[in-house]
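Okay, here's what each chain looks like letter by letter:
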Amino acid sequence: MQNNLALYNSLSRKKEPFKPLHPPFVGLYVCGPTVYSDAHLGHARPAITFDLLYRYLMHLGYRVRYVRNVTDVGHLENDADEGEDKIQKKARLEHLEPMEVVQKYLNNFLKNMEKLNTLHPSIEPRASGHIIEQQEFIKSIIEKGYAYEVNGSVYFDVLKYSQKYPYGKLSGRVLEELQATVRDLEGQDEKRNLFDFALWKKAAPEHLMRWPSPWSDGFPGWHLECSVMSTKYLGNIFDIHGGGMDLQFPHHECEIAQSTAALGKESVRYWIHNNMITINGQKMARSLGNYITLDQLFNGEHPLLQQKYSPMTVRFFILQAHYRSTIDFSNEALQAAEKGLQKLLKATATLKNLRPSSESTVDIKNLQAKCYEAMDDDLNSPVLLSNLFEGVKYINSVNDSAEKLTAGDIELLGNVFRTFVFDILGLTDEGINAGDEKLTEGLMKIIIDLRQEAKNRKEWSTSDKIREDLKKAGIILRDVKDGVEWERE
Ligand code: ZN
């Protein structure tokens, strides 16, 4: 199977041709959410980025197994193994079972992902469903000599690992610097070095989420689940691992160390990271009051929002930037995206009614080639969109008879738009249809009222003409007991 796709590999820090290990199969693992709060704007970006990659790989003919985990245990408040488990803390605050918290926020996440038209992954494994596998993985790391047990907890020995393997190769961090920056915190005195990280933590008596193990009643460290579940479902070496840039360190760096220590080699061939979303130039944080959930974005109920934005507007907004660039969220940017999306969708509707000519004055094959080139260039969605807007210009010019297209080229252009706008960018025209539907309802009410007034004045010929003309337009009026109903033919 041939492809021209190049992807930026965070590990080599350059674009590399994408050559899957076992074509036509592709293994794709993406770090999913820790489900302890409503899905927010930050969740939308990785979901849409890897949905774009997933859709494009499938379009190229690959059979993709897309695994996205659900973190439901072990993610402590601070990435350096301190603080309360995020889910347990929420359970305490909301008086729920931890697994009720998980279900509640997973439902919210999945509902919003559906609204954003992201395809479901092939497998969504949960950390708590893979405790035995995680314990087995820890055992092999201990056997290889890269982990040690202290008081029922097991830690990864970063210093020992770094003597054989290059720790920090993904994030570019070096141990000496790490040593200087890691704070000396209470409860960390079990570790040989402050930069060591937990594979298994002994649970304190009040800790709710706990499982028996050879070391203690406890729970797995956050980084472990991804090493375990990725290799379980995709094999010890697999094609692509994705996630947000903020996960490069410590999460992905620790994953590389764990997998390499246990299996003797790196598991991941291409590391892909999406950049972050800022809000009016600031990082999103509850403390800054700019924390916007997807529910709020879609219903407009947040002090920072001037209006509600449709899921497709948000999707379009995110796709307007390359996934490795930052995006700054603002009302102005979202409103511009809304206009852009409407323009694109309107053109796809106009496309269906274009009249063919005997010759073409614009080159559609070239447009199609440029669309593929953009996607092949590390999923360059902004360039793809600018090519599609060139297509919009063609459509409008042909519609205004300023340019001409043959029937074959109109069909090809339709194909380009269906493929790239709907199948690959994953946009839908629900938004525009919903708007049209509302408009139609309003217009029909006006027409029916006017006909009723004509009838009241006994102007039968006018009321009959309205009925006949609507019928010609494909709309049937039916007199019922308390008024008039209408339906499409
Ligand atoms: Zn992960």
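Everything below is about the structure shown above.
The shown structure was predicted, so the numbers you read here are calculated from the model rather than taken from an experiment.

Analysis parameters
Residues numbered from 1 in each chain as written. Predicted model: local features only at pLDDT ≥ 70, side-chain atom pairs only at ≥ 80, totals over all residues. Heavy atoms only, no water. Donors = N, O, S within 2.8 Å, 3.2 Å for Na, K, Ca; no water. Helix = DSSP H or I, 4+ residues; strand = E, 2+ residues; numbered from the N terminus. Buried < 20%, exposed > 50% of the residue type's maximum accessible area, 1.4 Å probe, protein only. Phe/Tyr/Trp six-rings, centres within 6.5 Å; stacked < 30°, edge-to-face > 60°. Lys NZ or Arg CZ within 6 Å of the ring centre and 35° of its normal. Pairing = 2+ DSSP bridges. Salt bridge = Lys/Arg side-chain N within 4 Å of Asp/Glu carboxyl O.

## Observations regarding the coordination of the zinc ion
Reasoning step 1: Ligation of the zinc ion by protein atoms is provided by Cys 31 (SG), Cys 226 (SG) and His 251 (NE2), these donors lying 2.0 to 2.1 Å from the ion.
Reasoning step 2: Between the donor residues of the zinc ion, the gaps in sequence give the motif C-x194-C-x24-H. Placement of the pair is Cys 31 in the loop between β3 (25-30) and α1 (41-59) and Cys 226 in helix α7 (residues 224-234), with a sequence separation of 195 residues. A single burial state applies to Cys 31 and to Cys 226, both of which are buried.

## What about the packing of aromatic side chains?
Reasoning step 1: Throughout the structure, instances matching the rule amount to 14 aromatic pairs.
Reasoning step 2: Aromatic side chains Tyr 146 and Tyr 161 sit 6.0 Å apart centroid to centroid with 80 degrees between the ring planes, which places their arrangement in the edge-to-face category. You can see Tyr 146 sitting in the loop between α4 (131-143) and β7 (147-150) and its partner Tyr 161 sitting in helix α5 (residues 158-164), a full 15 residues away along the chain. In this pair, the class of Tyr 146 matches that of Tyr 161, namely buried.
Reasoning step 3: An aromatic cluster of three or more residues is present, and its members are Tyr 146, Phe 156, Tyr 161, Tyr 165, Tyr 167 and Phe 197.
Reasoning step 4: Above the ring of Tyr 146, the side-chain terminus of Lys 160 is found at 5.7 Å from the ring centroid.
Reasoning step 5: Across the ring face of Tyr 8, the terminal group of Arg 324 is positioned such that the distance to the ring centre comes to 3.9 Å.

## Observations concerning the sheet that holds strand β15 (residues 327-329)
Reasoning step 1: In space, the three strands of this open sheet follow the order β14-β13-β15, with mixed pairing throughout. The two strands at the open ends of the sheet, each matched to only one other strand, are β14 (282-283) and β15.
Reasoning step 2: By the bridge criterion, three bridges tie strand β13 (residues 277-279) to β15 in an arrangement that is parallel. By the bridge assignment for β15, Ile 277 is matched with Ile 327.

## What about the pattern of salt bridges?
Note on pairing: side chains with opposite charge can pair once their charged atoms come close.
Reasoning step 1: As enumerated under the stated definition, the model contains 25 salt bridges in all.
Reasoning step 2: Arg 315 serves as the salt-bridge partner of Asp 51, at 2.7 Å between the closest nitrogen and oxygen. Placement of the pair is Asp 51 in helix α1 and Arg 315 in helix α10 (residues 311-319), with a sequence separation of 264 residues.
Reasoning step 3: When its relative accessible area of 0% is taken as the criterion, Asp 51 is described as buried.
Reasoning step 4: Among the salt bridges present, the one from Lys 104 reaches Glu 94, with a minimum N-O distance of 3.0 Å. With Lys 104 in helix α3 (residues 98-115) and Glu 94 in helix α2 (residues 86-94), this residue pair connects regions lying ten residues apart in the sequence.
Reasoning step 5: Relative accessible area serves as the criterion here: at 42%, Lys 104 is assigned to the partly exposed category.
Reasoning step 6: Residue class for Glu 94 comes out partly exposed when judged on its relative accessible area of 26%.

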